[in-house]
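Letter by letter, the chains look like this.
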Amino acid sequence: MLLVAVNALVGGTLGQERTVLPLLATREFRLDLYTSALTYILAFGISKAAMNYFAGTLSDRFGRKPVLVAGWLVAIPVPLMLIAGPDWAWIVAANVLLGVSQGLTWSTTVVMKMDLVGPRQRGLAMGLNEAAGYLGVAVTALATGWIAAQYGLRPGPFLLGAAYVALGLGLSVLTVRETHHHARLEAAQHVSARAAAHGDLTTGQVFRLTSFTDRSLSAVSQAGMVNNLNDGLAWGLFPVLFASAGLSLGQIGLLAAVYPAVWGAGQLVTGAASDRYGRKWLIAAGMVVQAAALGMVAAGHGFGIWLAAAVLLGAGTAMVYPTLLAAIGDVAHPAWRARSVGIYRLWRDGGFAVGALLSGILADAYGLPTAVAAVAVLTALSGLVVAVRMRGGDHAAA
């Protein structure tokens, strides 16, 4: 539960940007092209994806707690740079650091929970972890929208982020304990379901298995990437779309908060459900639900339809997010599970960068609704890949 609380603070440091930064790009820095405005998400996605990969390797080598603490230390300058940055390059640089911090802290809380729970409750543990993180995003998105409406886009919203960093660092240094020895004990007792997934794989072999050759791991990795591709779209372009339709800052903040709030709370149910009913069809159905929600955003006009779409998008994302992580834990050997989680999260959070680039180019060329519709189609196709490629019985075998 301490790690759940820490991850809520990790989510909060991300949530400080969700409502405010897209509006800061257009209103204060006068960025006209969507592609230019989304550079901060591109920078965040690339740095977080890369650091996810290294977080797993580093936590296997040096332990989980040092990596967690290092992630919080990297986050210290971020709110200050967002407050004081005189040009857009400062905002992009702050998001590079934020991506590094999120990669280290969020990845490590995932791995530490997997260390502490057995396979029968892995989905529940991931649901708790991701629910805490994204409820932190949602509450902070709502709070920063209110602060921005009352006191302006800077500095008020980012002072909340600074408080989260201070509290998260203090808890991680003073109260969090190392969990790596739990993984070593599990590895000593583990029996691999497949010969290719034994415990003595090199990092290169784990990368190939997770990314390409294992049917379940690779299906999960592509679904994670597409999921965060559409989240990058929602983060960067939804507030601009809503503002262009004449919605108030308070309404935009509410829409920015509802999606991760439903996503976060829903995971308390879906994570445990995946333990009982299996991972595959929950993931495939969740991708289709997300696609339907994005279609509603593209075709709809007005606060009511967009609120319904935000709820549906949050529900679809809740169906897949903890389930994807639990599916990685099902297949990966405990000896290299942290590395496999890091590689999955490399692909998943690379989706932020792909989403920022793809949706920005499409929005500049064809308009915002077309960009959203294209990502909806891509999301539906990803769900089809899961339905065709992923094995159905891995969670039971574990």
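Our structure is the block above this text.
The structure displayed is predicted, hence computed values, not measured ones. Within every chain, residues take consecutive numbers counted from 1 along the sequence as written. For a predicted model such as this one, the threshold for reporting local features is a pLDDT of at least 70, and the threshold for listing and counting side-chain atom pairs is 80 or more; totals across whole chains, interfaces and linings nevertheless cover every residue. As a rule here, side-chain values cover all heavy atoms of the structure and leave hydrogens and water aside.

**Student:** Got a minute to help me understand the overall build of the chain in this structure?
**Tutor:** Each helix and strand in the chain was counted, giving 18 helices and 0 strands. In summary, the chain has a C-alpha radius of gyration of 20 Å against a globular reference of 21 Å for 398 residues, a match within 12%. In terms of overall dimensions, the chain has a C-alpha envelope of 60 × 45 × 30 Å along the principal axes. Only protein chains enter the accessibility calculation, which uses a 1.4 Å probe; a residue whose area is less than 20% of its type maximum is buried, one above 50% is exposed, and one in between is partly exposed. When burial is assessed residue by residue, the chain has 59% of its 398 residues classed as buried. Whether two residues are in contact is decided by their heavy atoms, any of which lying within 4.5 Å being enough. Summarising the internal contacts of the chain: among those between residues at least 6 apart in sequence, 87% fall at separations of at least 24. The charge count includes Lys and Arg as positive and Asp and Glu as negative, but it does not include His or the ends of the chains. A charged residue contributes its charge at one atom only: NZ of Lys, CZ of Arg, CG of Asp or CD of Glu. The chain carries 25 positive and 17 negative side-chain charges, and their two centres are separated by 6 Å. Secondary structure follows DSSP: runs of H or I at least 4 residues long count as helices, runs of E at least 2 residues long count as strands, and numbering of each begins at the N terminus. Computation of the radius of gyration draws on C-alpha atoms alone. For the globule rule, the value is 2.2 Å times the number of residues to the power 0.38.

**Student:** Where do I start with the pattern of salt bridges in this structure?
**Tutor:** One side chain can pair with another of opposite charge once the charged atoms of both are near each other. Salt bridge, as applied in this entry: a Lys or Arg side-chain nitrogen positioned within 4 Å of an Asp or Glu carboxyl oxygen. Taken as a whole, this structure holds 11 salt bridges when the rule is applied. In this structure, R154 and E28 form a salt bridge, with 2.5 Å as the shortest nitrogen-oxygen distance. Of this pair, R154 sits in the loop between α8 (122-151) and α9 (156-174) while E28 sits in the loop between α2 (20-27) and α3 (34-37), and the two are 126 residues apart along the sequence. R279 serves as the salt-bridge partner of D330, at 2.7 Å between the closest nitrogen and oxygen. Highlighted residues: D330 in helix α15 (residues 303-331) and R279 in the loop between α13 (249-277) and α14 (280-299), separated in sequence by 51 residues.

**Student:** What's the story with a nonpolar patch on the surface in this structure? I'm lost.
**Tutor:** Surface patches are drawn from residues lacking salt bridges whose relative accessible area is over 30%; two like charges belong together within 9 Å, two nonpolar side chains (Val, Leu, Ile, Met, Phe, Trp, Tyr) within 5 Å. To be clear on the numbers: accessible area is Shrake-Rupley with a 1.4 Å probe, and residue cover counts the displayed protein chains and nothing else. On the surface, a nonpolar cluster with roughly 580 Å² of combined accessible area is contributed by V354, L358, V377, L378, L381, L384 and V388. Secondary structure elements with two or more residues in the nonpolar patch: α16 (337-366) and α17 (368-389). For the nonpolar patch, the element with the most residues is α17, which contributes 5 residues. With respect to the helices and strands, L378 occurs in helix α17. With a relative accessible area of 32%, L378 lands in the partly exposed category.

**Student:** So what exactly am I meant to see when it comes to helix α4 (residues 39-62) here?
**Tutor:** Counting along an α-helix, one turn takes 3.6 residues, and residues three or four places apart therefore face a common direction. What a helix should span is 1.5 Å times the count of its residues minus one. Helix length check: α4 (24 residues) gives 33 Å between terminal C-alpha atoms against 34 Å at 1.5 Å per residue, within 8%. Backbone geometry just downstream of α4 places G63 in the positive-phi region, at approximately 105 degrees.

**Student:** Teacher, can you tell me more about the nonpolar core here?
**Tutor:** The nonpolar side chains of soluble globular proteins are, as a tendency, buried together. W72, V220, F238, F242, I283 and L294 are the most contacted members of the largest nonpolar core, which has 103 residues in total. Counting residues per element, this core draws most heavily on helix α12 (residues 215-244), which supplies 13 residues. With near-sequence residues (within four places) excluded, F242 lies in contact with L247, I252, L255 and W306. Residues M51, A55, V67 and V100 belong to the second largest nonpolar core, which totals 5 residues. As used in this record, nonpolar core signifies buried Ala, Val, Leu, Ile, Met, Phe, Trp, Tyr and Cys residues forming a set joined through side-chain atoms within 4.5 Å.

**Student:** I'm lost on the packing of aromatic side chains in this one. Help?
**Tutor:** Geometry of an aromatic ring pair is reported as the spacing of the ring centres plus the angle between the planes. Two rings from Phe, Tyr or Trp (for Trp, the six-membered ring) form a pair when their centres are within 6.5 Å of each other. A pair whose planes differ by under 30 degrees is stacked, one over 60 is edge-to-face, and the rest are tilted. Considering all chains together, one arrives at 19 aromatic pairs under this definition. Between F207 and W347, the ring centres sit 6.2 Å apart and the planes meet at 35 degrees, which makes this aromatic pair tilted. In this pair, F207 sits in helix α11 (residues 203-213) while W347 sits in helix α16, placing the two residues 140 residues apart along the sequence. With a relative accessible area of 23%, F207 lands in the partly exposed category. An aromatic cluster of at least three residues, connected via ring pairs, comprises F29, Y40, F44, W88, W235 and F352. Both a distance and an angle decide whether a charge sits over a ring: NZ of Lys or CZ of Arg must be within 6 Å of the ring centre and within 35 degrees of the ring normal. Positioned above the aromatic ring of W106, the side-chain terminus of K48 is 5.3 Å from the ring centre.

**Student:** Mind showing me how you'd approach the packing of α15 against α16 here?
**Tutor:** Each pair of packed helices can be summarised by the angle the axes make with each other and by the distance between the axes. Each axis is a line fitted through C-alpha atoms, and for a helix only the stretch in contact is used; angles between axes span 0 to 180 degrees, taken between their N-to-C directions. The geometry of α15 relative to α16 is characterised by a closest axis approach of 9 Å and an angle of 140 degrees between their N-to-C directions. By crossing handedness, the relation of α15 to α16 is classed as right-handed. Contact with α15, carried on its side by Y321, L324, L325, I328 and G329, involves R337, S340, V341, Y344 and R348 of α16 and no other residues of that element. Gly is placed with the polar residues, together with every amino acid not listed as nonpolar (Ala, Val, Leu, Ile, Met, Phe, Trp, Tyr, Cys and Pro) or charged (Asp, Glu, Lys and Arg). Among the residues forming the contact of α15 with α16, the class breakdown is 6 nonpolar, 2 polar and 2 charged. Note: crossing handedness is left-handed where the near helix turns anticlockwise from the far helix by less than a right angle, and right-handed where it turns clockwise.

**Student:** Honestly, the side chain of S274 in this entry has me stumped. Any pointers?
**Tutor:** As for its position among the elements, S274 is in helix α13. Nitrogen and oxygen atoms within 3.5 Å of one another constitute a polar contact, given that in protein one can donate a hydrogen and the other can accept it, and given that sequence-neighbouring residues count only through two side-chain atoms. Reaching out from S274, the side chain makes a polar contact with the side chain of R279 at a distance of 2.7 Å.

By themselves these figures say nothing about function.
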